[in-house]
Amino acid sequence: MTHQQIIDKLAARHLVQSIDEDLARLVYTAMCFHKDDSKQASYILTKLLLRWNCVLKAGDTVSVHYKKKTVLALAVLLHKYGFTDNNITAESLQAIDDLNADVVLDDDFFRKSEEIKKFLTAEPVKLKRKPTVPENITFYRPKDVISIQLDNRYYAAYIHRLSAPNESTVIEFYDGIFDHVPTLAELERLQAKGQKFNDGLERVANFSICGLKFLPDLANQVQLISACIETKPSNSHLSESIGLYTVKDIFMIQDDITAMFQ
């Protein structure tokens, strides 16, 4: 039994690809900045779940079977990258039983279920080198307006352009916090949100986001509110920006959102 054999049985290629690319980014960063295994695990799991809990803790908008496949894919791919989490593993073992009970996957998955469970509960092998970071491809386009969910709050952003053809999105946030995916009408009255620097000035803040790839987002974190919107959020009240934009990825931006909107 191998990790690839298990994820092939899930029949969820793009879901698996999305989680795999997320973990490659997180594990690479964790291995760059943390030498201790426990600190690496804490960094990875905290940021990973802030994103994928948008599926796991979603309401009826996400199907039960998709949630089950997601938690199982998370367990398998965490194991592949040399990490494990007791809660995710326990939920994945239950997911195997639930998927079998509802006959969601094929007979081979059913026959191999006990072997899969044994594989997932075995100690994972630590990576000896950093994983390769995925390409920064995106299916979002300039003039898209998107919502980003973080800890049950929703933040809206305008995509000004791409940093290169079909690559990282350059976004600017609207100055608003919502308890739901905002509508375009709710955003029309909002100005752009600036970022405060050490000089005390709140400046224009644009971010180039790597890892904002799939549309729709398989993690259910990013929602497209509308496309082809010509009117940008006004930033005339903000001081001049420092540089064109700040380069982040879909996980690093979590800290910026928290700092900007605290």
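Look a little higher up for the structure.
Residues numbered from 1 in each chain as written. Predicted model: local features only at pLDDT ≥ 70, side-chain atom pairs only at ≥ 80, totals over all residues. Heavy atoms only, no water.

**A few points about the overall build of the protein**
- The secondary structure content of the protein amounts to 9 helices and 8 strands.
- Each principal axis of the C-alpha distribution contributes one length, and for the protein these read about 60 × 40 × 35 Å.
- In the protein, which comprises 262 residues, the proportion classed as buried is 50%.
- Only carbon and sulfur atoms are counted for the fraction: they give 50% of the accessible area of the protein, which is about 13400 Å².
- Computed over 31 positive and 35 negative side-chain charges, the separation of the two mean positions in the protein equals 4 Å. (Helix = DSSP H or I, 4+ residues; strand = E, 2+ residues; numbered from the N terminus. Buried < 20%, exposed > 50% of the residue type's maximum accessible area, 1.4 Å probe, protein only. Areas by Shrake-Rupley, 256 points an atom, 1.4 Å probe, with all protein chains shown as cover. Lys, Arg positive; Asp, Glu negative; His and termini not counted. Charge placed at Lys NZ, Arg CZ, Asp CG, Glu CD.)

**Describing helix H7 (residues 113–121)**
- Buried within H7 are the following residues: Ser113, Ile116, Lys117, Phe119 and Leu120. Down the axis of H7, the buried set is contained in an arc of 160°. They therefore lie on one face. H7 presents Glu114 and Lys118 as exposed residues on the side facing more than 90 degrees away from its buried surface.
- Looking at the packing, one finds that the buried side of H7 touches helix H1 (3–8), helix H4 (64–80), helix H5 (86–101) and helix H6 (107–111). (Arc of directions from axis to C-beta. Contact = heavy atoms within 4.5 Å.)

**Topic: the nonpolar core**
- Counting residues in hydrophobic clusters, the biggest one holds 64 residues, and the most contacted among them are Ile44, Trp52 and Phe173.
- At 9 residues, helix H2 (residues 13–33) tops the list of elements feeding residues into this core.
- Those residues in contact with tryptophan 52, other than ones at most four positions away along the chain, are Leu15, Ser18, Ile19, Asp22, Thr70, Leu74, Leu218 and Ala219.
- The next biggest cluster of nonpolar side chains, apart from the first, holds 10 residues, and it includes Tyr154, Tyr158, Tyr174 and Leu187. (Core = buried A, V, L, I, M, F, W, Y, C linked by side-chain atoms within 4.5 Å.)

**Here we look at the packing of aromatic side chains**
- Applying the stated criterion across every chain yields a total of 4 aromatic pairs.
- Summarising the aromatic geometry, the rings of tyrosine 155 and phenylalanine 261 are spaced 4.8 Å apart at their centres and angled 55° between planes, so their arrangement reads as tilted. Taken together, the residues span a long stretch of sequence, with tyrosine 155 in strand S2 (residues 153–162) and phenylalanine 261 in helix H9 (residues 252–261) at a distance of 106 residues. Each member of the pair tyrosine 155 and phenylalanine 261 is classed as buried.
- In this structure phenylalanine 261 comes out as buried when scored by relative accessible area, which is 10%.
- Members of the aromatic cluster, each reached through a chain of ring pairs, are Tyr155, Phe173, Phe207 and Phe261.
- It is lysine 126 that lies over the ring of phenylalanine 83; its NZ or CZ is 3.6 Å from the centre.
- Above the ring of phenylalanine 261, the side-chain terminus of lysine 193 is found at 5.5 Å from the ring centroid. (Phe/Tyr/Trp six-rings, centres within 6.5 Å; stacked < 30°, edge-to-face > 60°. Lys NZ or Arg CZ within 6 Å of the ring centre and 35° of its normal.)

**Observations regarding the pattern of salt bridges**
- Applying the stated criterion across every chain, the model contains 16 salt bridges.
- Between lysine 143 and glutamate 230 there is a salt bridge; the shortest N-O distance is 2.9 Å. Of this pair, lysine 143 sits in the loop between H7 and strand S1 (145–150) while glutamate 230 sits in the loop between strand S7 (222–226) and strand S8 (246–249), placing them 87 residues apart in sequence.
- Among the residues examined, lysine 143 registers a relative accessible area of 32% and is labelled partly exposed.
- Exposure remark for glutamate 230: the relative accessible area of 55% places this residue in the exposed category.
- Through salt bridges with shared partners, a single network forms among Lys9, Asp108, Arg111 and Lys112. (Salt bridge = Lys/Arg side-chain N within 4 Å of Asp/Glu carboxyl O.)

**Here we look at the layout of surface pockets**
- Computed from the structure, the largest pocket encloses a volume of approximately 270 Å³.
- Per-element tally for the lining of the largest pocket: the top contributor is helix H3 (residues 37–56), with 4 residues.
- Of the residues belonging to the lining of the largest pocket, the class tally is 6 nonpolar, 7 polar and 2 charged.
- Empty space within the second largest pocket amounts to approximately 220 Å³. (1 Å grid on protein atoms, 1.4 Å probe; cavity = no way out; pocket = protein on both sides within 12 Å on 5 of 7 lines; lining within 4 Å. Points joined across faces, edges and corners; volume = space filled by probe spheres on them. Nonpolar A, V, L, I, M, F, W, Y, C, P; charged D, E, K, R; others polar.)

**Section: empty space enclosed by the protein**
- Counted by the stated rule, this structure contains 2 cavities of 30 Å³ or more.
- Here the largest cavity defines a volume of roughly 80 Å³.
- No other element matches H2, which puts 4 residues into the lining of the largest cavity.
- Among the residues making up the lining of the largest cavity, the classes are represented as 1 nonpolar, 2 polar and 6 charged.
- The space that makes up the second largest cavity amounts to roughly 50 Å³.
- Lining of the second largest cavity is provided by Ala75, Leu78, His79, Phe83, Thr84, Asp85, Ile88, Thr89 and Leu120.

Read these as geometric descriptors, not functional statements.
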